[in-house]
Amino acid sequence: MNPTAIRAGFLTSVQDLGRTGFRELGVSLGGALDAHALRVANLLVGNDEAAAGLEITFGGLRLRFADDRIIVWCGGDFEARIGSITLAPGHPALVRGGEEFSIQNPSAGCRAWLAISGGIDVPVVLGSRSGDLRAGFGGIRGRPVRDGEEFPLGDNSNSAKVLIERLRVEKIARWKPAHDWSSTARRTPLLHYVRGSDSTRFVDAALQLFANESFSVSPDSDRMGIRLDGPELARREDVDLLSEAVSPGTVQVPPNGKPILLLNDCQTIGGYPKIAHVITVDLPIASQLCPGDRVLFVEVSVSEAHAFLLERERNLEQFRRGLESHFS
């Protein structure tokens, strides 16, 4: 049965883990800006970790459920409730048919990801249910959720059914994942990066400034990229470059010397020089950056970036195994 968005909020869209394998055709990856948070939330409600959920930007969402579901949200510092009961991030909770879930404006960060048992069952387009809001396809007809709109859910999995029965009395589970996995906003955001393929095109002073100075997030930022204000990053030569592949995490520098950190909805090629690339495990931190936030960059080696990612995947596998006792 379908829940209804009594109030859709500032910007709420359907997202899963994105469209892989189509970048050579000019199709952006898309998907949840914090794929790790969505994976964790899905596992906690008994879904496949790639199931579609809701990405909520700046809160304001109010959902009424038509049947019993398990929900989990992860993300910034939001206040969320089931009716009048506060729901902390990362805790599986039972929402009964007729009850409402709401999430208000954040005090830190700007996005949250809501997983619902059964997953959001919109049509698959190019291998994904994610809404591409720029191209206008996927998700709910390629646009954000609207006030009063219903959206379809899949059936509760056997694991979710077990958890529904367990939570009929206490309603909210006492267990949750690690704090950093469910509460992803950082008061002093720091992004690790590896040097970009065009780093030698910048003067030495620019590389030092990028590694040592803080940058402010511009209001002109969205799911495509984060524009940063700060010291000008000067090139050695002002020459045009051939467009090359870019991806989420790439930091490009246009002629004005102000870097742009690309996110999931970014274009597939770009002609601005690439000074750096933010590592995969830090993209969730980038997804919480709001206008006016200040961010620092710290260089790491490619081997260190790989080690961080492998460690997170190992921890996620242990987390999957640890959940088995709660669904049996």
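Check the entry above for the structure.
Rules behind the numbers
Residues numbered from 1 in each chain as written. Predicted model: local features only at pLDDT ≥ 70, side-chain atom pairs only at ≥ 80, totals over all residues. Heavy atoms only, no water. Pairing = 2+ DSSP bridges. Helix = DSSP H or I, 4+ residues; strand = E, 2+ residues; numbered from the N terminus. Axes fitted to C-alpha atoms, helices over the stretch in contact; angles between N-to-C directions. Contact = heavy atoms within 4.5 Å. Salt bridge = Lys/Arg side-chain N within 4 Å of Asp/Glu carboxyl O. Buried < 20%, exposed > 50% of the residue type's maximum accessible area, 1.4 Å probe, protein only. Disulfide = S-S within 2.5 Å. Phe/Tyr/Trp six-rings, centres within 6.5 Å; stacked < 30°, edge-to-face > 60°. Patch = residues over 30% accessible without salt bridge, like charges linked within 9 Å, V, L, I, M, F, W, Y side chains within 5 Å. Areas by Shrake-Rupley, 256 points an atom, 1.4 Å probe, with all protein chains shown as cover. Parallel < 35°, antiparallel > 145°, perpendicular 65-115°, else oblique. Left-handed = near helix turned anticlockwise from the far one by under 90°. Nonpolar A, V, L, I, M, F, W, Y, C, P; charged D, E, K, R; others polar. Polar contact = N/O pair within 3.5 Å; in protein donor to acceptor, adjacent residues only side chain to side chain. Core = buried A, V, L, I, M, F, W, Y, C linked by side-chain atoms within 4.5 Å.

**Student:** It is not clear to me how the sheet that holds strand S5 (residues 69-77) should be interpreted in this structure. Could you clarify?
**Tutor:** Whether parallel or antiparallel, the strands of a sheet pair through hydrogen bonds between backbone atoms. Ordered by their spatial adjacency, five strands build an open sheet running S2-S3-S10-S5-S8, and the pairing between neighbours is antiparallel. The open sheet has two free edges, formed respectively by strand S2 (11-15) and strand S8 (93-95), since each of these has just one partner strand. Each adjacent strand pair in this sheet contributes to an overall mean axis angle of 30 degrees, direction not counted. In this structure, S2 lies alongside strand S3 (residues 53-57), joined through five bridges in antiparallel fashion. Each residue of the ladder has a partner; that of Gln 15, found in S3, is Gly 53. On the sheet, helix H1 (residues 35-44) packs against S2, S3, S5 and strand S10 (108-116) and is oriented at approximately 155 degrees with respect to S5.

**Student:** What should I look at first to understand the pattern of salt bridges in this one?
**Tutor:** Oppositely charged side chains are able to pair whenever their charged atoms sit close together. Inspection of the entire model under this criterion finds 29 salt bridges. Where Glu 55 meets Arg 223, a salt bridge forms, and the shortest distance between an N and an O atom there is 2.7 Å. Of this pair, Glu 55 sits in strand S3 while Arg 223 sits in the loop between strand S13 (215-217) and strand S14 (225-229), and the two are 168 residues apart along the sequence. Neither residue differs from the other here; Glu 55 and Arg 223 are each classed as buried. Here Glu 170 makes a salt bridge to Arg 174, at a shortest N to O gap of 3.9 Å. Each of the salt bridges in this network shares a partner with another, and the network as a whole consists of Arg 39, Glu 49, Arg 312, Glu 313, Glu 317, Arg 320 and Arg 321.

**Student:** What is the right way to look at the state of the cysteines in this model?
**Tutor:** Here a disulfide denotes one covalent bond, and it connects the sulfur atoms of two cysteines. Within the structure shown, the criterion is met by zero disulfides. For Cys 110, which is in no disulfide, the shortest distance to another cysteine sulfur is to Cys 290 and amounts to 3.9 Å. Note on Cys 110: relative accessible area 3%, which makes it buried.

**Student:** Would you mind showing me how to read the packing of aromatic side chains here?
**Tutor:** The geometry of an aromatic ring pair comes down to the distance between the two centres and the angle between the two planes. All told, the structure shown has eight aromatic pairs when counted by the stated rule. Aromatic pair Tyr 193 and Phe 210: ring centres 5.0 Å apart, planes at 75 degrees, arrangement edge-to-face. In this pair, Tyr 193 is assigned in strand S12 (residues 190-195) and Phe 210 in helix H4 (residues 204-212), connecting sequence segments 17 residues apart. For Tyr 193, a relative accessible area of 3% gives the class buried. Feature note: the residues Tyr 193, Phe 210, Phe 215 and Phe 297 constitute an aromatic cluster, connected by ring pairs.

**Student:** Looking at this model, I keep getting lost on the pairing of strand S1 (residues 4-8). Mind explaining?
**Tutor:** Pairing analysis gives two bridges linking S1 to strand S11 (residues 149-150), with the strands arranged antiparallel. Looking across to S11, one finds that Thr 4 is bridged to Glu 150. Bridge analysis of S1 against strand S4 (residues 61-64) gives four bridges, and the strand direction is antiparallel. In the sheet register, Ala 8 faces S4, and the bridge partner there is Leu 61.

**Student:** Sorry, what's going on with a nonpolar patch on the surface here?
**Tutor:** A cluster of nonpolar residues, Leu 190, Leu 296 and Val 298, forms a patch on the protein surface that exposes about 190 Å² of accessible area. Relative to the assigned elements, Val 298 resides in strand S20 (residues 294-299).

**Student:** It is not clear to me how the packing of H1 against helix H6 (residues 302-323) should be interpreted in this structure. Could you clarify?
**Tutor:** For any two helices packed against each other, one specifies the crossing angle of their axes together with the interaxial distance. Contact pair H1 / H6: the axes reach a minimum separation of 10 Å and the direction vectors enclose 15 degrees. In terms of orientation, H1 and H6 fall into the roughly parallel class. Crossing hand, H1 versus H6: right-handed. For the pair H1 and H6, the contacting residues are His 36, Arg 39, Val 40, Leu 43 and Leu 44 in the first and Arg 312, Glu 313, Leu 316, Phe 319, Arg 320 and Leu 323 in the second. Residue composition of the contact of H1 with H6, grouped by class: six nonpolar, one polar and four charged.

**Student:** Looking at this structure, how should I read the side chain of His 91?
**Tutor:** For His 91, the location among the structural elements is in the loop between strand S7 (85-86) and S8. What makes His 91 buried here is its relative accessible area of 15%. Separated by 3.5 Å, the side chain of His 91 and the backbone oxygen of Trp 175 make a polar contact. Not counting residues within four places of it along the chain, the set of residues in contact with His 91 comprises Ile 71, Val 72, Ile 172, Ala 173, Arg 174, Trp 175 and Lys 176.

**Student:** Quick question: what am I supposed to make of the nonpolar core here?
**Tutor:** Among soluble globular proteins, nonpolar side chains are generally buried collectively. With 48 residues, the main nonpolar core has Leu 191, Phe 210, Ile 226, Leu 233, Ile 275, Phe 297 and Phe 319 as its most contacted residues. Counting residues per element, this core draws most heavily on H1, which supplies six residues. Ignoring anything within four residues of it in the chain, the contact list for Ile 226 reads Val 217, Ser 221, Pro 259, Ile 260, Leu 261, Leu 263, Ala 286 and Leu 289. In this structure, Val 95, Ala 112, Leu 114 and Val 122 belong to the second largest nonpolar core, which totals 29 residues.

So yeah, pure geometry; function would need other evidence.
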